[in-house]
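Here is how the chains run, residue by residue.
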Amino acid sequence: MQIGNRIKFMRESRGWSQVQLVNEARKYIPEGKVLARETMSRIENGHRPPDLWVLSAIAQALGLTPGEILDGVEAGPPAPSPPTSAGWSSGWNCCPRPCARTSPRR
């Protein structure tokens with residue numbers, strides 16, 4: 001199950017609309033951050049992952065921990081590793097044209 005589906009399942013199991021969940025989650029968001037219903041829709045539909053602060057606020061609104069929401073969520077593909085300093089000098093190219101990172105140092 002994807003994280004958005006899991007959040008939607010937990011929200012619907014409580015009989016809440018997206019608006020209700022957003023209104024509850026807003027009580028737990030950091031100052032200066034904004035959580036919109038449209039953002040919740042994009043998360044639930046798998047168009048974007050939740051930021052950590054959003055996941056935390058959703059979990060608190062649902063009376064759960066972020067770990068309880070993530071339990072049962074399928075892991076996505078691993079993130080690519082950043083190149084090492086050796087990668088730059090060994091011909092690893094970040095772009096199709098020569099640049100300061102990929103050109104040999106003189």
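Up top you'll find the structure we're talking about.
Okay, so let's go over this structure. (Residues numbered from 1 in each chain as written. Predicted model: local features only at pLDDT ≥ 70, side-chain atom pairs only at ≥ 80, totals over all residues. Heavy atoms only, no water.)

### A word on the packing of helix α2 (residues 18–25) against helix α3 (residues 37–44)
Packed helix pairs are characterised by how far apart their axes lie and by the angle those axes make with each other. Two numbers describe how α2 lies on α3: the axes approach to 9 Å, and their chain directions differ by 110°. As judged from the angle between their axes, α2 and α3 are roughly perpendicular. Here the hand of the crossing between α2 and α3 comes out right-handed. For the pair α2 and α3, contact is made by Gln18, Val19, Leu21 and Val22 and by Arg37, Met40, Ser41 and Glu44, respectively. Tallied by class, residues from the contact of α2 with α3 come to four nonpolar, two polar and two charged. (Axes fitted to C-alpha atoms, helices over the stretch in contact; angles between N-to-C directions. Helix = DSSP H or I, 4+ residues; strand = E, 2+ residues; numbered from the N terminus. Parallel < 35°, antiparallel > 145°, perpendicular 65-115°, else oblique. Left-handed = near helix turned anticlockwise from the far one by under 90°. Contact = heavy atoms within 4.5 Å. Nonpolar A, V, L, I, M, F, W, Y, C, P; charged D, E, K, R; others polar.)

### A word on α3
Those residues of α3 lying buried are Thr39, Met40, Ser41, Ile43 and Glu44. Buried residues belonging to α3 abut α1 (3–13), α2 and α4 (52–62). (Buried < 20%, exposed > 50% of the residue type's maximum accessible area, 1.4 Å probe, protein only.)

### Here we look at the nonpolar core
If you look at the biggest cluster of nonpolar residues, it comprises 19 residues, and the most contacted ones within it are Ile7, Leu21, Leu35, Met40, Ile58 and Ile69. If one sorts the elements of this core by residue count, α4 sits on top with eight residues. Non-local contacts of Ile69, meaning those with residues more than four positions away in its chain, are made with Ile3, Arg6, Ile7, Met10, Leu55, Ile58, Ala59, Leu62 and Leu64. (Core = buried A, V, L, I, M, F, W, Y, C linked by side-chain atoms within 4.5 Å.)

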